[in-house]
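Residue-level structure breakdown
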Amino acid sequence: MANEADSRTSGSAFPRHTCTCFEQSRATNRRRVRFHDDRQDTSSPAWQHLLTLIEEAAADGREVFRPLADMSPEQRRQIITLPPTIAKLTAVRHFDLYGSNLVRIPPEIGAMTGLEEFTPYTSYRLHWFPYELTRCPNLKRSTVSTRALYGNEKFRPPFPPLRSGGEGAGSTCSVCARPLDGIGIHRAWISLRVATDVLPLLVDACSEACVQALPTPPDGYVRTPHPGGPGIDQSAAQYA
C-alpha cells in the first residue's frame, strides 16, 4: 500500500487519509511511487448508500451529482473508488467529488456523456485518472488538485511502473472499446489536457496499435505513451 496517515485535512469537514506517496508542496528526489492498493469494502453500509444514491440520480435524471454531500463523514472516508454504475449517470452535467478519499476512478466514467464539469478538488490521494475520461465529449471545465498528480508540471513526481492487469483495469480497450477478455493488455501512461487540466491518464489497450494511436501530449510533458517507473525522464527541457 502506498504510504498514508490518518488526519483531518485542512478545510475538510470530515476525517480522511492523507497521502505521503510524494511531496505535494515541493520537489523531492523520491524516485519510486506505488499505486494505492486499498480495496473497496463493497459490503459496507457506505458502499450500499453510494449505490443507492447513484440509482436515485440516474432515475431522476439529475444534472448535478454530489454524492459525498449526502453521506456521513465516516461513510465518505470509506469510499475509495466509485462503482461501475456511474455509467448510468448520462444526464449529469456537474460531477462534484470535492474533498474525497478516492484513490481511483473507474473507466465507466467515460459513459457519462453529458458531463460538462468535473470537480474532484482536494482529493489528495487521487493521483491519476482513467483514459476513458476523454470519452466525455462535453467536458469543458475541471477543478483538480494538480499538485497531487503523477508527473505534474510543477514537481514532476514519478509514475508507478506498469504491469499487465492490476489497478484500475477495465473490461474494454481504453482506445477502441474492444473487449479485453483473453487479450494481453498493453498498459501505458499518457498526460493529456482534459477540460481545464493536464491529467495523467492510465490506458489499458488491446494492442500496440491502439497505444500508438493515442494523441500527442502537450509541450512540457513526456511526449509519448510510457510505462512509468524511475527511468522515465520528465525533464521539461527535454520534452518542450
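Predicted model only: the values in this text are computed from it and were never measured.

Scoring rules and cut-offs
Residues numbered from 1 in each chain as written. Predicted model: local features only at pLDDT ≥ 70, side-chain atom pairs only at ≥ 80, totals over all residues. Heavy atoms only, no water. Pairing = 2+ DSSP bridges. Helix = DSSP H or I, 4+ residues; strand = E, 2+ residues; numbered from the N terminus. Polar contact = N/O pair within 3.5 Å; in protein donor to acceptor, adjacent residues only side chain to side chain. Core = buried A, V, L, I, M, F, W, Y, C linked by side-chain atoms within 4.5 Å. Buried < 20%, exposed > 50% of the residue type's maximum accessible area, 1.4 Å probe, protein only.

**Remarks on the sheet that holds strand β9 (residues 197-205)**
- Spatially, 3 strands are ordered β6-β9-β8 in an open sheet, and the strand pairing comes out mixed. Across the chains shown, the open sheet's two edge strands, defined by having one partner strand only, are β6 (129-130) and β8 (186-194).
- Looking at chain direction, β6 and β9 are connected through 2 bridges and run parallel. Along β9, the bridge assignment pairs Pro130 with Leu202.

**With respect to the environment of Ser100**
- If you trace the backbone, Ser100 turns up in the loop between β4 (94-96) and β5 (117-119).
- Separated by 21 residues in the primary sequence, Ser100 and Ile79 place their C-alpha atoms 7.9 Å from one another.
- Looking at Ser100, its side chain comes within polar contact range of the side chain of Ser123, at 2.8 Å.

**A short note on the nonpolar core**
- Core analysis: the biggest nonpolar cluster contains 44 residues, and Phe95, Ile105, Phe118, Phe129 and Leu133 have the highest contact counts within it.
- Of all elements in the fold, only α1 (45-59), β8, β9 and α3 (208-212) reach the threshold of two or more residues within this core.
- No other element matches α1, which puts 6 residues into this core.

**Quick notes on the pairing of β8**
- Among the 9 residues that make up β8, 7 are buried, leaving the element largely enclosed by the rest of the structure.
- Of the strand pairs in this sheet, β8 and β9 are connected by 9 bridges, and their pairing is antiparallel. Across the sheet, residue Trp189 finds its bridge partner in β9, namely Leu202.
- In textbook terms, the turn of a hairpin is the stretch between consecutive antiparallel strands, and for β8 and β9 this stretch comprises 2 residues, one of which, Ala195, has a positive phi near 60 degrees.

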